[in-house]
Amino acid sequence: MTILITGGAGFIGSNFVMEWMDHIDELVINIDLLTYAGNLSNLENLSSSSKYHFVHGDIADLDLMRSVFFNYKPRAVINFAAESHVDRSIAGPTDFINTNIVGTFNFLQSAKYYYDSLPDASKDQFRFIHVSTDEVYGSLMPQDPPFTEQNRYAPNSPYSASKAASDHLVRAWYHTYGLPVITTNCSNNYGPYHFPEKLIPLVIVNALAERTLPIYGDGLQIRDWLYVKDHCSAIRRVLASGRLGETYNIGGWNEITNIDIVKTICLILDELRPRSNGSSYTSLITFVEDRPGHDRRYAIDARKIESELGWKPTETFSTGIRKTVQWYLDNQDWVQNVQSGAYRDWVDQQYGVSQ
Ligand code: NAD
Ligand code: TYD
């Protein structure tokens, strides 16, 4: 039995591959384009495993993807590959359209070509899991209930619009062509191997380097945070028992403002790695210009996956964030490796060269 993962060198994908191989004895094929966000060092412990095989490539490459499908004959696909950073999508949306929309379209075509060739018994087993985001639902007002699977799509950033488009394509390939798909829409993840352009790792890395901690606007925007390993367990559950053609919201019931996230990280660092000048890391907090079109609040109603599939997160935000800060303290080499020239260029462009 073989499973095909796309984007497995990124943040969630690499956590998923490691968790998968801890739980399930099955060949894993990981196909990844290795953009700035893909780091094979995340998976270096697996490189000698006979149960793991890496393919360097683009999900949009029809010939490559068809040959991967026919060579390895996966029983399931989990599609993590995407451009994923909202600020980058604002600065330059082209890659988001190419990978998230055109790439997903081509990948669906390759998957359909393979699926159509399968005998009936293998068709019954096959699954195409598409990993998506709660950002497709747009922004909530303070009094609104959390997003359910019935919320209408109302994406506001080039990133969320491109993910919404990919979700629609996946849905259409189920209804039109019978491809056995399931889509998951998850809230903000955090944890090990998170690229330090996103809020939580950026704040940890900046604080340790005595750089300012940039808060967009008033810092009162709300995100619903989920520890990455809980997202991975939810995807495994969806693959095992999810209903075809359905979507499942995944979230940790952890709505927190950005400013509270940053203060929490500062207080944990004050305890674990006190500053040499004796002051709190909170003194590095700096309010900066807001993100254009900044969504005010995301919140996930996860009752469908909880009641239908019996999934629940295992980490609270306070246990997960402590583990995450500790991981960054213990893995300074990883942080240094990913802070390549391309990373420095992004930080200079987004926050100014003074950072
Ligand atoms: P990431 O940016 O860390 O990783 C994306 C990976 O995809 C990278 O390894 C990159 O090299 C690879 N990739 C990009 N374009 C590719 C292409 N054309 N072909 C093959 N590989 C390609 O992203 P992430 O945070 O790990 O997110 C993974 C998925 O989960 C994405 O689809 C994202 O939309 C979704 N998601 C993320 C979050 C979050 O909080 N990070 C929350 C909900 C859903
Ligand atoms: P981010 O981690 O980029 O995830 P997303 O935009 O997908 O939710 O940002 C999380 C929140 O933190 C979001 O409201 C934007 C805010 N933010 C900052 O205030 N400062 C920063 O430097 C970054 C990267 C994000």
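Residues numbered from 1 in each chain as written. Chains lettered and ligands numbered in written order. Predicted model: local features only at pLDDT ≥ 70, side-chain atom pairs only at ≥ 80, totals over all residues. Heavy atoms only, no water.

Caption draft 1: Up close: the site of ligand 2. Taken together, the neighbourhood of ligand 2 is formed by 19 residues, with E135, R223, R291, H294 and Y351 sitting nearest. R223 is positioned with one of its side-chain polar atoms (N or O) 2.7 Å from an oxygen atom of ligand 2. In this structure, Y351 approaches ligand 2 through a side-chain N or O atom, which is 2.6 Å from an oxygen atom. The fraction of the free accessible surface of ligand 2 (510 Å²) that becomes covered by protein chains is 97%. Those elements giving two or more residues to the shell around ligand 2 turn out to be helix 3 (86-91), helix 7 (199-208) and strand 8 (213-216). For the shell around ligand 2, the element with the highest residue contribution is strand 8, accounting for three residues. (Near = heavy atom within 4 Å. Polar contact = N/O pair within 3.5 Å; in protein donor to acceptor, adjacent residues only side chain to side chain. Areas by Shrake-Rupley, 256 points an atom, 1.4 Å probe, with all protein chains shown as cover. Helix = DSSP H or I, 4+ residues; strand = E, 2+ residues; numbered from the N terminus.)

Caption draft 2: Just the nonpolar core, in detail. Counting 72 residues, the largest nonpolar core has I78, I200, I265 and I305 as its most contacted members. Those residues in contact with I78 that sit more than four places away from it in its chain are I3, L4, I5, T6, F16, I129, V131, I235 and L239. Counting 22 residues, the second-largest nonpolar core is a separate cluster that includes L4, M65, F126 and V181. (Core = buried A, V, L, I, M, F, W, Y, C linked by side-chain atoms within 4.5 Å. Buried < 20%, exposed > 50% of the residue type's maximum accessible area, 1.4 Å probe, protein only. Contact = heavy atoms within 4.5 Å.)

Caption draft 3: Focus on the sheet that holds strand 7 (residues 188-190). Strand order in this open sheet of three strands is 7-9-11, and the pairing throughout is mixed. Of all the strands in the sheet, just strand 7 and strand 11 (255-257) have a single pairing partner and so form its edges. Each neighbouring strand pair of the sheet contributes to a mean axis angle of 50°, computed without reference to strand direction. Here strand 7 pairs with strand 9 (residues 222-227) via three bridges, running parallel. Note on strand 9: the bridge partner recorded for N189 is L226. Contacts from helix 9 (residues 258-272) reach strand 9 and strand 11, with the element oriented near 80° to strand 11. (Pairing = 2+ DSSP bridges. Axes fitted to C-alpha atoms, helices over the stretch in contact; angles between N-to-C directions.)

Caption draft 4: Spotlight on the site of ligand 1. Near ligand 1, the surroundings consist of 28 residues, among which I12, D32, S84, Y159 and K163 are the closest. Within the backbone of I59, one N or O atom sits 3.0 Å away from a nitrogen atom of ligand 1. Taking T99, its side chain carries an N or O atom lying 3.0 Å from a nitrogen atom of ligand 1. In isolation ligand 1 offers 830 Å² of accessible surface; the protein chains occlude 97% of this area. Contributions of two or more residues to the shell around ligand 1 are made by helix 1 (11-23), strand 5 (127-133), helix 6 (158-177) and strand 7. Here the shell around ligand 1 takes three residues from strand 5, the largest share from any one element. The residue makeup of the shell around ligand 1, split by class, is 13 nonpolar, twelve polar and three charged. (Nonpolar A, V, L, I, M, F, W, Y, C, P; charged D, E, K, R; others polar.)

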